[in-house]
Amino acid sequence: MKRRAALVVSLAAIAGVVSCGGGGDDVVGAPSGPSAEGYYAGNLSVSGTPLPDNSTTFQFLVLGGGQFWTIYGTPSGGALDVQGFLQGTGNSNGSLFLATDVRYFSRAAARTAAITANYNAAGKSISGTVFDDANSTVSFAGVPQAPSDYNYATAAALVDVAGNWMVEGVFGDQYDLVVANNGAFTGGPAVAPTNVPNPATCTFTGFFQPQASGKNVFTVSVTNGVGGCATGVQGLTTNGIAFVSPVTGGSQLTFATVDPGRTRGAVLSGVR
């Protein structure tokens, strides 16, 4: 009970910092310096309720309007074994990034959270803390990444996603993904392990589209089929982002989406 009370106080304090400054009308979230837009990556550590599989690594994409997507997981053969993601919109003022309306998606039901972080826009480093409503605290620290790892500043190209992929969800469910040259795709079950709560029998369609910002990010939309899809998600359309990052011997496609109410989310990734 004390930990939950402390969490509520922490979230309230962060919300107060975003909405008003310590003196006059100085608002911390107001743009008074370089924004946090860009790509960050590094390590994370957890106290309280652990992340799935004791995740230790994150990728943090902050888009031009402050919307962000944080993908986390464990390193696996030069790639990232994705276990979940966080999504929201934050405010940055040159060195401080704050977000209070965050959704936290993993193997469990979606949770609410808040993020407070310090960043260096020029050096592309970031460090901060995630507080969530399940009484877990995640500390993360990112170091500058080489453009050869993933270059956010270059334009996304459909040629990077076109073709065949084997993508996997957080439960180990696998799907064959076929992406046309125009970015349209279809997906269907490949292999479903026996321990998956909802076996991979749900087909889906969608599209990847390079963002108009000219950055190395795709807009993605996914619509579930009807047959084989779990009750409540049949015919559901979710929207989000996708990106392709280089890995040893190939590239990794990662895409995460949420429904309009941000109560359901999904993340899939694959290497080829």
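This structure is a prediction, so every number in the text was calculated from the model and none was measured.

Caption draft 1: Geometry of the overall build of the protein. Each helix and strand in the protein was counted, giving one helix and 17 strands. When contacts within the protein are restricted to residue pairs at least 6 apart in sequence, long-range pairs at least 24 apart make up 46% of them. Split by element, the accessible area of the protein, about 12000 Å² in all, is 55% carbon and sulfur.

Caption draft 2: Fine view of the environment of T205. Positionally, T205 belongs in strand β13 (residues 204-210). Sequence separation between T205 and F185 is 20 residues; the distance between their C-alpha atoms is 5.7 Å. Ignoring sequence-local partners within four residues, the contact set of T205 consists of F185, T186, S221, V222 and T223.

Caption draft 3: The arrangement of empty space enclosed by the protein in detail. For the structure on display, the rule yields one cavity of 30 Å³ or more. If you add up the space inside the largest cavity, you get close to 110 Å³. In this structure, the largest cavity is lined by 12 residues; those nearest its centre are L44, T70, L86, V130 and V138. Going through the elements one at a time, β2 (57-62), β3 (67-76) and β9 (137-143) are the ones with two or more residues in the lining of the largest cavity.

Caption draft 4: How the structure looks around the pattern of salt bridges. In this structure the tally under the stated criterion is three salt bridges. Among the salt bridges present, the one from R103 reaches D101, with a minimum N-O distance of 2.8 Å. Overall, R103 belongs to the buried group, its relative accessible area being 18%. Given a relative accessible area of 40%, D101 falls into the partly exposed group. Of the charged contacts, one joins D132 and R111 as a salt bridge, the two residues approaching to 2.7 Å between their closest N and O atoms.

Caption draft 5: Just the pairing of strand β4 (residues 79-89), in detail. With nine of 11 residues buried, β4 lies mostly within the body of the structure. From the end of β3 to the start of β4, which pair antiparallel, there are two residues, and G77 there has a positive phi angle of about 55 degrees. Here β4 runs beside strand β6 (residues 96-105); their pairing, made up of three bridges, is antiparallel. Within β6, the position partnered with F85 by the bridge is F105.

Caption draft 6: Broad picture of the confidence of the model for the protein. Looking at the protein, the pLDDT average stands at 83 and 81% of residues meet or exceed 70. Scored below 50 in pLDDT, residues 1-29 shows 33 contacts in the model against residues more than four places distant or in partner chains.

Caption draft 7: Focus on the layout of surface pockets. Computed from the structure, the second largest pocket encloses a volume of approximately 300 Å³. For the second largest pocket, the lining is made up of 17 residues, of which Y39, T57, Q59, G78 and L80 are closest to its centre. Mapped onto the lining of the second largest pocket, the elements with two or more residues apiece are β1 (38-47), β2, β4 and β15 (237-247). Tallied by class, the residues present in the lining of the second largest pocket amount to nine nonpolar, seven polar and one charged.

Caption draft 8: Here's a closer look at the packing of aromatic side chains. Counted by the stated rule, this structure contains 17 aromatic pairs. A ring pair is formed by F58 and F140, whose centres lie 5.5 Å apart and whose planes are at 75 degrees; its orientation type is edge-to-face. Here F140 lies in strand β9 and F58 lies in strand β2, a separation of 82 residues in the sequence. Take F58 and F140: they sit in the same class, and that class is buried. The ring of Y104 is capped by R111, whose NZ or CZ atom sits 4.3 Å from the centre of that ring.

Caption draft 9: A look at the nonpolar core. Counting 22 residues, the largest nonpolar core has F60, F68, F97, I115, I126 and F140 as the members making the most contacts within it. Counting only elements with at least two residues in this core, the list comes to β1, β2, β3, β6, β7 (111-120), β8 (125-132) and β9. The residues contacting F60, other than those within four sequence positions of it, are G38, Y39, Y40, F68, W69, T70, F97, I126 and F140.

Caption draft 10: How the structure looks around the side chain of S245. Relative to the helices and strands, S245 resides in strand β15. Residue class for S245 comes out buried when judged on its relative accessible area of 5%. When residues no more than four places from it in sequence are discounted, the contact partners of S245 are Q59, D149, Y150, S251 and Q252.

Caption draft 11: Molecular detail of the pairing of strand β16 (residues 250-258). Counted residue by residue, β16 has eight buried out of nine residues, so it is predominantly covered. Examined bridge by bridge, β15 and β16 share nine bridges and lie antiparallel to one another. Bridge pairing links V244 to L253 in β16. Connecting β15 to the antiparallel partner β16 that follows it, the hairpin turn spans two residues, and G249 within it adopts a positive phi of roughly 80 degrees. In terms of strand pairing, β16 meets strand β17 (residues 265-271) through seven bridges, oriented antiparallel. Along β17, the bridge assignment pairs V258 with G265. In this structure, the hairpin formed by β16 and β17 is closed by a connection of six residues, where R262 is found at a positive phi of approximately 55 degrees.

Conventions used here
The numbers attached to residues start from 1 for each chain and follow its sequence in the written order. Predicted model: local features are reported for residues with pLDDT of at least 70 only, side-chain atom pairs are reported and counted for 80 or more only, and whole-chain, interface and lining totals are derived from all residues. Hydrogens and waters are ignored; side-chain quantities use all the structure's heavy atoms. The helix count covers DSSP runs of H or I at least four residues long, the strand count covers runs of E at least two residues long, and both are numbered beginning at the N terminus. Every residue pair with non-hydrogen atoms within 4.5 Å of one another is taken to be in contact. Surface accessibility follows the Shrake-Rupley procedure with a 1.4 Å probe radius. Residue values consider only the protein chains on display as shielding. Cavities and pockets are defined on a 1 Å grid built over the protein atoms alone: a cavity is a set of grid points where a 1.4 Å probe fits but cannot escape, while a pocket is an open set with protein on both sides within 12 Å along at least five of seven lines, and lining residues are those with an atom within 4 Å of any such point. Grid points are joined across faces, edges and corners, and a volume is the space filled by probe spheres set on the points. Here, a salt bridge means any Lys or Arg side-chain nitrogen found within 4 Å of an Asp or Glu carboxyl oxygen. Each residue is placed in one exposure class: buried if its accessible area under a 1.4 Å probe, protein chains only, is under 20% of its type's maximum, exposed if it is over 50%, and partly exposed if it falls in between. Any two strands with at least two DSSP-identified bridges between them are counted as paired. pLDDT measures the predictor's confidence residue by residue and takes values from 0 up to 100. Each residue gets one label: Ala, Val, Leu, Ile, Met, Phe, Trp, Tyr, Cys and Pro are nonpolar, Asp, Glu, Lys and Arg are charged, and the others, such as Gly, are polar. Pairs were defined over the aromatic rings of Phe, Tyr and Trp, the Trp ring being its six-membered one, requiring ring centres within 6.5 Å. Orientation was assigned from the angle between planes: stacked under 30 degrees, edge-to-face over 60, tilted for the rest. Our definition puts a charge over a ring when NZ of Lys or CZ of Arg is within 6 Å of the ring centre and also within 35 degrees of the ring normal. What we call a nonpolar core is a set of buried Ala, Val, Leu, Ile, Met, Phe, Trp, Tyr and Cys residues that are connected through their side-chain atoms within 4.5 Å.

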